[in-house]
Amino acid sequence: MGAIAVALVGAVLLAVPGSPAYKKPTLGLDLQGGLEVVLRAVPDTGQQLTPQGMQTAQQIMTKRVDSLGVTSPNVAVQGGNEIVIQLAGVHDPAKAAQIIGTTGKLYMFDFETSLAAPTVNGGQPAPSPSLYSLLSSLQQEAKKGTPSAYYLFKAVSKKVTTKVKGKKVTKTTTYHAVLQGPAPNLHQLLLPYKNGKQPANTQILAVPAHRLAVSCTFSSGSCLGAGSNGTSQSGKYWYLFKYYPGRPNGPPQLTGNDLVESGISAQPDPNTGQPVVLLQFTSHGAHEFQRITKAEYDRGRQNAGLKGQLGNHDQTVINSLAGHNAIVLDGVLKSTPYIDYTNSQLQDGIVGGATIQTPTLKEAQNLAFVLKSGSLPYTFVPIERTDVSATLGKSSLHQAIWAAVAGLAIVALFLLLLYRFLGLVAVIGLAIYGLLYYAAILLFNVTLTLPGFAGLILTIGVAADANVVVFERIKEEVRAGRSVRAAISAGYGKGFHTILDANVVTVITAMVIFLIAVADVKGFALMLLIGTVISLLTAVAATRALLGLLSGFRWFDNPRFMGAHGQQTAKWLQIDFMRRRYVWFALSGVVILAGMVSLGVRGLNLGIDFKGGTQITFKTRQAYSTGSLQSFFAQQGQRGAVVQGAGKAVGGKFTDWQVRTEALKSADQSNLLQALKSNRSAYQTGVKNVSGTFGHQIAIDAIYGIVVSLLLITIYIAVRFDFKFAMPVILAMLHDIAVTVGVYALVGKEVSVATVAAVLTVLGYSIYDTIIIFDRIRENVPLMRRSPFATIANVSLWETIRRSLATTFITLLPIICLEILGGATLKDFAFALIVGVTSGAYSSIFFAAPLLTIWKEREPEYARRKRASEEGGSEPDGGLPARRRPWRPKGGPALDPGTLALQESEAALAAEATPRLVDAVTPEPATAQARREKRRQRRRSRPHGRAR
């Protein structure tokens, strides 16, 4: 079975489309660059641009382009009225416009009654085939009051070749193309042009007050009455709607504010199979929708009665006579559903939601996504599109790859030295894990970014740790006298629950952060989620299959072959952790206090991602690499500057640049520009203020994710363990956050998006490590029925400390390589991980376990055991003799209580019924059964060379 399982893993990797054999991974903006789109806000008539409105627009656009957390966009406000969006791997302007160009303003009209002349005739729709001709006929009316919008047109000549009696005939036709619009005023209309002046050979036409021009395409099937006013050569027709927003009963009668976000979905219509978007209304929206649909029902019956068609149930006839809804999104007529006046159940109107028909399910899903994200507060017009380079550059990417390779190689070597042949199995398991992980990244189209690598680094440690947990269990079983085959089975049986609990808690954290957070934080959570699930599969399936295959060989049945001889825990590691608990608390308190004082005095050094800064654009006469410009700005004191090449690269070098630095004063800007001109021959320089690309609201979303995950973890641990086990886990996580933040405040390191991902990595690691230790404590509680809880905690730590130290070292190895081999950005990232992982390992042993001991010792049973231990001559914490004299068994060498406790716990593994640690200073009278058990233990230990 083991060989079959391993073979299946390889077959899946090669056979599944999207596996490493068929695709390449998608790199994020920081690793490969992408497309930058600059959008300018155009407020409606009477509307004012506000910082709050621009921040709202920034958040909505971030949600839209953050497709499942894998696009890793940069979204920033610049200049007060523009939003800059950088999309990774998108070099198609049309695609970018499709993703982010939709304003999302939804209106619903009672179609026939809301139409305005001249696009209505006898109560029936009569759209115009040309917007230019429509507005030209309304210019006298547009002079009355304030126009609602302006359009800029330009006459365009086009040659059309047709065949007449077999001969080609070429004719020149002229039409008026829309260059700009709609714009609320002339200033906004002409803003994209030089000096705000109207271009030559163009014409401006206004839309009359309280009117809205709406287009539709003939192919959509929604252009009712198309052709009655002439045929459109482009296939696009135009309606003019009455437009009184905010007035009771409209029109429009309903807007996007009347929708319930959670009730919007895309799916095939169960009756027709046509893709539709389902809309759910608020209470006000539902009441208004019922009112207008009742009016449309009555109007349809009236029209049918006048035509003598009340009894005709032909759908074509009903559609031509019925009253319709008009669903308009961003000035485009999306759907015109009718009310069937022959259905008596609709005589009181429709109670419920509405639907929007779309040509394809993909278009329905995109429309639903736009509506769920909310409408933008302003209309945004694209004014600039530019290709930009990666923010880290190829050199940083190569450094990261080399650091990862070096780190994994050292991890493999460490596993081989520590676990010998078991280490080889672990390395093979990690290789299988890596291939499966890579295949999953391709299958789910995950975009790899620097914060995503944080999740990858954490899951490497988790994957290695799953094997370490099982291997330590196997070695315990071998020391207890089991055969290697039996030890493997028992080790996986006992280790599975430990691994499962630790992985479930990590998955909870990843899933909550993924569902709540956005952008790079969501990408981190997705990488962590995928890696954790795959690590669990490889630990319980792949490596077990390999060990099951190897255990059938006689040469494999040798404890020395896997390092299972000798004592489990070195004597110097048998520290009385619980007796020194207040020393550990004091150390944590000093570090946290120093950090909090520094945080209050100096604050955090927030990077551009959070507080924004200054964007400098310039050209250089000579082409440079991004690394060269990064070094130059570092020399000018802007070490954290984000340097990007713009436009086309030649040999990986650029002449067009845009650089984001910390907020610079006027004098500093002048000095920096002067340095650019003198050292890099820069020209055509420009300076703008930009907001943070990460945004405070997005940071708040990440905090919400942490809080919700803490609540869910508390519930899970309370169910699986005990509520008192949950609180130390939570407090240990908060301890690690405080330590990491405090260290950052002390050393003044810059806080960026990568830092946030590193802090989240710390949380995942801290949870995982603490759960492993608590699981062993839970296992020892029923085995040590008379021991004080401090003794149980001490023994559990002694039994797991080798694993804790090994896992911490394994996790730190690739991070240290990143710190040594990485560039400036990668070094800052690695620094945060080193601080956090070290703090997480410390808190699991020296903070969480002592806290649990303090709370459990307040329970009556453990309080009684503690008193009994004290009265019997033992110290309250740890069960060590008060006189600190070694206990000497009859006829044997002196043994210190730590060694005695560990030997007793090992003996309990074989006996499966005896306590793991003696509970008194003087041994109890031995029965015949106990003597036989001791002799059996000695016989089992002799072939393994274990001293007694």
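Residues numbered from 1 in each chain as written. Predicted model: local features only at pLDDT ≥ 70, side-chain atom pairs only at ≥ 80, totals over all residues. Heavy atoms only, no water.

A few points about the overall build of the chain
A tally of helices and strands in the chain yields 28 helices and 26 strands. Among the 948 residues that make up the chain, the fraction classed as buried is 51%. Relative to all contacts within the chain whose residues are 6 or more apart in sequence, the contacts with residues 24 or more apart total 76%. Taken as a whole, the chain presents about 41,700 Å² of accessible surface, with 58% of it coming from carbon and sulfur. (Helix = DSSP H or I, 4+ residues; strand = E, 2+ residues; numbered from the N terminus. Buried < 20%, exposed > 50% of the residue type's maximum accessible area, 1.4 Å probe, protein only. Contact = heavy atoms within 4.5 Å. Areas by Shrake-Rupley, 256 points an atom, 1.4 Å probe, with all protein chains shown as cover.)

Examining the nonpolar core
With 103 residues, the main nonpolar core has Ile474, Phe577, Ile717, Phe774 and Ile777 as its most contacted residues. By size, the runner-up hydrophobic cluster in this structure holds 18 residues, among which are Leu106, Ile327, Ile356 and Leu371. (Core = buried A, V, L, I, M, F, W, Y, C linked by side-chain atoms within 4.5 Å.)

Focus: the packing of helix H19 (residues 626-635) against helix H20 (residues 666-680)
Interhelical geometry of H19 versus H20 gives an angle of 130° and a closest axis separation of 11 Å. Between H19 and H20, the angle is such that the two are oblique. Considering the relative orientation of H19 and H20, their crossing is right-handed. Taking contact as the criterion, the partners of Ser628, Leu629, Phe632 and Phe633 in H19 are, on H20, Leu672, Ala675, Leu676, Asn679 and Arg680. Partitioned by chemical class, the residues of the contact of H19 with H20 number six nonpolar, two polar and one charged. (Axes fitted to C-alpha atoms, helices over the stretch in contact; angles between N-to-C directions. Parallel < 35°, antiparallel > 145°, perpendicular 65-115°, else oblique. Left-handed = near helix turned anticlockwise from the far one by under 90°. Nonpolar A, V, L, I, M, F, W, Y, C, P; charged D, E, K, R; others polar.)

Some details on the pairing of strand S12 (residues 236-242)
Most of S12 sits inside the fold, with five of its seven residues counted as buried. As paired strands, strand S11 (residues 211-217) and S12 are joined by seven bridges and run antiparallel to one another. Along S12, the bridge assignment pairs arginine 211 with lysine 242. (Pairing = 2+ DSSP bridges.)

Overview of the packing of aromatic side chains
In this description, a pair of aromatic rings is defined by centroid distance and the angle of the planes. Applying the stated rule across the entire model yields 22 aromatic pairs. Ring geometry for tryptophan 584 and phenylalanine 846: centres 4.6 Å apart, planes at 65°, overall edge-to-face. Note that tryptophan 584 is positioned in helix H17 (residues 581-601) and phenylalanine 846 in helix H25 (residues 824-856), a separation of 262 residues in sequence. Phenylalanine 846 carries the same exposure label as tryptophan 584, and that label is buried. (Phe/Tyr/Trp six-rings, centres within 6.5 Å; stacked < 30°, edge-to-face > 60°.)

As for the state of the cysteines
Structurally, a disulfide amounts to a covalent bond that connects the sulfur atoms of two cysteines. Across all of its chains, the model carries one disulfide by this definition. There is a disulfide in this structure between cysteine 216 and cysteine 223, and the S-S distance comes to 1.8 Å. Disulfide cysteine 216-cysteine 223: torsion about the S-S bond near 140°, hence right-handed. Across the pair, cysteine 223 and cysteine 216 agree in class, each one buried. (Disulfide = S-S within 2.5 Å.)

Comments concerning the confidence of the model for the chain
Do not read the fine detail of predicted coordinates wherever pLDDT is low. Summarising the model, the chain shows a mean pLDDT of 75, and 76% of its residues fall at 70 or more. Throughout residues 873-928 the model reports pLDDT below 50, and contacts reaching past four residues in sequence, or to other chains, amount to 116 contacts. Across residues 943-948, confidence stays below pLDDT 50; counting only partners more than four residues off in sequence or on other chains, it has 14 contacts. (pLDDT = per-residue confidence, 0-100.)

Digging into the side chain of serine 839
Among the secondary structure elements, serine 839 is positioned in helix H25. Leave out the neighbours within four places in its chain, and serine 839 touches His735, Asp736 and Val739.

Concerning H17
Compared with the 30 Å implied by 1.5 Å per residue over 21 residues, the 30 Å span of H17 between its first and last C-alpha is a close match. For H17, every residue scored as buried is listed here: Arg581, Trp584, Phe585, Ser588, Gly595 and Ser598. Directly beyond the C-terminal end of H17, a positive phi value near 75° is found at glycine 603. (Expected span 1.5 Å × (residues − 1).)

Quick look at the pairing of strand S17 (residues 332-335)
For strand S16 (residues 325-329) and S17, the ladder comprises three bridges, and the chain directions are antiparallel. Bridging from a neighbouring strand, isoleucine 327 pairs with serine 335 of S17. Between S16 and S17, which pair antiparallel one after the other, the connecting turn spans two residues, and aspartate 330 there sits at a positive phi close to 50°.

Overview of the pattern of salt bridges
Under the defined criterion, the tally for this structure stands at 15 salt bridges. Across the pair glutamate 112 and arginine 299 runs a salt bridge, and its minimum N-O distance is 2.9 Å. Linking glutamate 112 in helix H5 (residues 111-114) with arginine 299 in helix H9 (residues 283-307), this pair joins segments that are 187 residues apart in sequence. In this pair, the class of glutamate 112 matches that of arginine 299, namely buried. The salt bridge partner of glutamate 857 is arginine 581, with a shortest N-O separation of 3.5 Å. Residue glutamate 857 is located in the loop between H25 and helix H26 (860-871), and its partner arginine 581 is located in helix H17; the two are separated by 276 residues in the primary sequence. One connected set of salt bridges, linked through shared partners, spans Asp110, Glu112 and Arg299. (Salt bridge = Lys/Arg side-chain N within 4 Å of Asp/Glu carboxyl O.)

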